[in-house]
Amino acid sequence: MSIAITTQFICFTVLSLVVIIGAIGVVLLESIVYSAFLLGGVFMSVAGLYLLLNASFVAAAQVLVYVGAVNVLIIFAIMLVNKKEDLKPINDIKSRRVISTSICLTLLSLLIRVDLTNVWSLSSPQNSIGEESTIRIGEHLFSDYLLPFEVASVLLLMAMIGAIVLARRDVMSKDISTGLPVDQELIEKSSEPLLTNKN
Amino acid sequence: MEYGLDLEYSFNEFLKGFGLSSEIAHIIWLPLPMLLVLVAAVVGVLVTVWLERKISAAAQQRIGPEYAGALGVLQPIADGLKLLVKEDIIPAKADGILFTAGPILVLVPVILSWLIVPFGQNLLISNVGIGIFLWIALSSIQPIGLLMSGYASNNKYSLLGGLRAAAQSISYEIPLALSVLAIVLMTNSLSTVDIVNQQSGAGILSWNIWRQPVGFIVFWICALAECERLPFDLPEAEEELVAGYQTEYAGMKFALFYLGSYINLILSALLVSILYLGGWGFPIPVELIAKFLNLPINAPFIQVFTASIGIVMTVLKAYLLVFIAILLRWTTPRVRIDQLLDLGWKFLLPISLANLLITAGLKLAFPQFFGG
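Per an unreviewed UniProt entry, chain B carries the name NAD(P)H-quinone oxidoreductase subunit 1 and comes from Prochlorococcus marinus str. MIT 9314. Regarding chain B, the UniProt comment filed under Subunit (unreviewed entry) reads as follows: "NDH-1 is composed of at least 11 different subunits." Per UniProt, chain B carries the Sequence similarities (unreviewed entry) text "Belongs to the complex I subunit 1 family."

**Student:** Before we go on, may I ask you to explain the overall build of chain B in this structure?
**Tutor:** The number of helices and strands found in chain B is 16 helices and zero strands. Its C-alpha atoms give chain B a radius of gyration of 22 Å, within 12% of the compact-globule value 21 Å for 372 residues. By principal-axis analysis of the C-alpha atoms, chain B measures approximately 65 × 55 × 45 Å. Long-range contacts, defined here as pairs at least 24 residues apart, represent 79% of the contacts in chain B between residues at least 6 apart.

**Student:** I tried to follow the overall build of chain A on my own but got confused; where do I start?
**Tutor:** Helix and strand counts for chain A come out as seven helices and zero strands. Mapped from its N terminus to its C terminus, chain A presents α and β elements in the order α-α-α-α-α-α-α. For chain A, the residues scored as buried account for 14% of the 199 residues in total. Within chain A, counting contacts between residues at least 6 apart in sequence, those at least 24 apart form 43% of the total.

**Student:** Would you mind going over the UniProt feature "transmembrane region" (unreviewed entry) in chain B with me for this structure?
**Tutor:** Residue and element names in this part refer to chain B. Following the UniProt record, the feature "transmembrane region" (unreviewed entry) maps to residues 27-51, 96-117, 123-149, 262-282, 302-327 and 347-366 here. Taken end to end, residues 302-327 is 100% helix and 0% strand, and its two terminal C-alpha atoms sit 37 Å from one another. Overall, residues 347-366 shows 95% helix and 0% strand. The separation of its end C-alpha atoms is 27 Å.

**Student:** What should I look at first to understand the interface of chain A and chain B in this one?
**Tutor:** Counting residues at the interface gives 20 residues for chain A, matched by 24 residues for chain B. For the side of chain A that touches chain B, the element with the highest residue contribution is helix H3 (residues 56-80) of chain A, accounting for 12 residues.

What counts, and at which threshold
Residues numbered from 1 in each chain as written. Chains lettered and ligands numbered in written order. Predicted model: local features only at pLDDT ≥ 70, side-chain atom pairs only at ≥ 80, totals over all residues. UniProt positions renumbered as here; feature names shortened; annotations may be inferred. Helix = DSSP H or I, 4+ residues; strand = E, 2+ residues; numbered from the N terminus. Rg over C-alpha atoms; globule rule 2.2 N^0.38 Å. Contact = placed C-beta atoms within 7 Å. Buried ≥ 20, exposed ≤ 12 C-beta atoms within 10 Å, placed from the backbone.

Shown next, in the form of C-alpha cells:
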C-alpha cells in the first residue's frame with residue numbers, strides 16, 4: 001500500500017469513528033451544552049470526509065454553514081436560556097424507549113439494505129474534477145439547479161420574517177396567533193437581560 | 001506566470017541525489033514548510049507584542065520596555081517565558097474539559113489559516129483551489145471556542161464575553177465575506193496566488209486598493225472586529241467585563257488566547273495586503289527591473305532577488321497594517337455594543353452588498369480593468 005492510500009485510510013477510519021461516536025453522544029448525553037458542542041465536532045468530521053472525497057469546496061461550505069453559523073447559533077441560544085430546571089419524569093418511559101428503539105432499528109436496517117443493494121461505483125471519471133469542482137458547482141447552481149437555489153432563499157426570507165415577528169412583538173398591537181391586544185408589561189419584562197438573575 | 005523558486009522540487013531532487021525514493025523525500029519535505037510557517041507566526045507575534053508595547057508607550061509619552069535587551073526587544077520573550085512557567089489553574093467549579101478545549105479551538109483554526117498565505121509564487125504551504133474561502137470558513141470556527149471557554153469558566157463575565165464575541169464575529173463575517181467576494185469576482189479564482197498575480201500587471205497602479213477602495217475599508221474594519229481589537233474589543237472590555245472570556249484563565253491557557261489574538265491580527269494584516277495591496281508584488285514590476293538590467297526573467301539571480309523581495313514586501317505591507325491597527329487601538333475609544341451591531345448590520349452590510357453589485361456591473365462594462 002502506498003503512503004497516500006494508508007494516510008487516506010487512517011483519516012477515513014478516525015473521521016468515521018468520530019462521526020458515529022459523536023452522533024451517539026449528541027443523542028445520549030444528559031447535558032444539552034455537551035450535545036451542542038459534540039454536534040459541532042460531528043459537523044467538522046463530516047467536512048473532513050468531504051475533504052477525503054476531494055470535495056474541498058463542499059467541505060469548506062460545510063464548515064462555514066454548519067459549524068460557523070448553525071452550530072454557533074444553537075450554542076448561542078442554549079446559553080442565553082440556560083435555565084437549570086428539573087425535567088418532569090415521564091410515566092411510560094419504558095414503552096416509549098421500546099418504540100423509539102424499534103423505529104431507529106427499522107430505519108437502520110433500511111439504510112443497510114440500501115447500502116447493500118445499490119451500485120455505488122461510478123463509471124465515468126467524474127470523481128477526478130478536484131479543484132475545478134467549485135466552478136462546476138457554480139455553473140450547476142445558476143443553470144439546472146436555479147429553481148431549488150432560489151426557493152432556498154425564499155425559505156431563508158420566511159425564517160427571517162418569522163424571527164423578526166417573534167423578536168419584535170412590541171411593534172405589533174395585536175398578538176399574531178390569538179388576535180388579542182398585546183400585554184405591553186410582559187414585553188417589558190421579557191426585554192430585560194436574561195442573565196441578571198444568574199449567579 | 002509559472003516562474004519563481006520551486007523549493008519543494010529542488011529539495012526533492014536534492015534528497016533523491018542521496019538515493020531516497022521520491023515518496024520518502026516528499027514525507028521529509030512535508031513538515032518543513034508547516035514548521036517554518038509556525039515559527040514565522042510565533043516570531044511575528046513576538047515582534048508585534050514588542051511593537052504594541054513600544055507604540056503604546058510612544059502614544060502615551062512613556063518609554064516602554066527598555067532594559068530587556070536593546071530597546072526592550074527581549075520583553076515579549078520574557079512575557080512568554082513567564083506565561084510558560086505560571087501555574088495552570090482550573091477553577092473548582094469550572095468545567096474542566098471544555099475549559100481546556102476552548103483555547104485550543106480558538107488557536108488551531110487561526111494557525112491552519114496560514115496554509116493559504118503566499119509569500120511568493122511558490123512560497124506557500126498549499127495553493128488549494130478554495131484559497132481565501134478556506135480562511136473564511138476556518139475563521140467561523142473560532143466563536144465556538146470562545147463560547148466554550150466563556151461557558152466553561154462558570155463566571156458571568158466570561159459568559160457575557162463569550163456571547164459578545166460570538167455575536168460580533170457572526171455579524172462582521174458577512175460584510176467581510178462580501179468584500180472578499182468582490183475581489184474573487186474580479187480575479188475569477190479563489191486562490192490567493194491568483195489574486196496576487198491578477199494585481200501584478202502594472203506594479204502599484206494595478207493593486208486592488210484602487211479598484212476596491214470601499215471593499216478595502218469594509219474589509220479592514222471587519223478584520224479589526226474579527227480580531228477583537230479596539231475599537232471593537234467589547235468581548236474583553238476590561239471596564240465592564242473584567243477580561244471577558246479570558247477572566248478565569250491563567251498560565252499557558254491564557255497564553256493560547258494571547259497568541260491566537262496576535263496571530264489572528266498578523267494573519268488579517270497579511271490577508272489585507274494580499275487582497276488589496278498586491279501581496280508579494282513590488283511597487284514597480286520586477287519584470288521591468290529585469291528588463292532594465294538586461295537580465296532574463298529566469299536567471300537564478302533574478303529568481304532569488306524576486307523571492308526575497310516578495311517576502312520582504314509581504315511582511316512590510318503586513319506590518320504597516322499592524323502598525324495602523326496598533327495606533328488605532330491606542331487612540332480610539334471603544335464602541336458600545338449597540339453601535340457595534342448598528343455599524344455591522346446597518347452600515348457595512350448594505351455598503352458591501354452595493355460594492356459587490358457595482359463591481360459586478362463594472363466587470364461587465366470595463367472587462368479590461370476589472371477582470372474579464
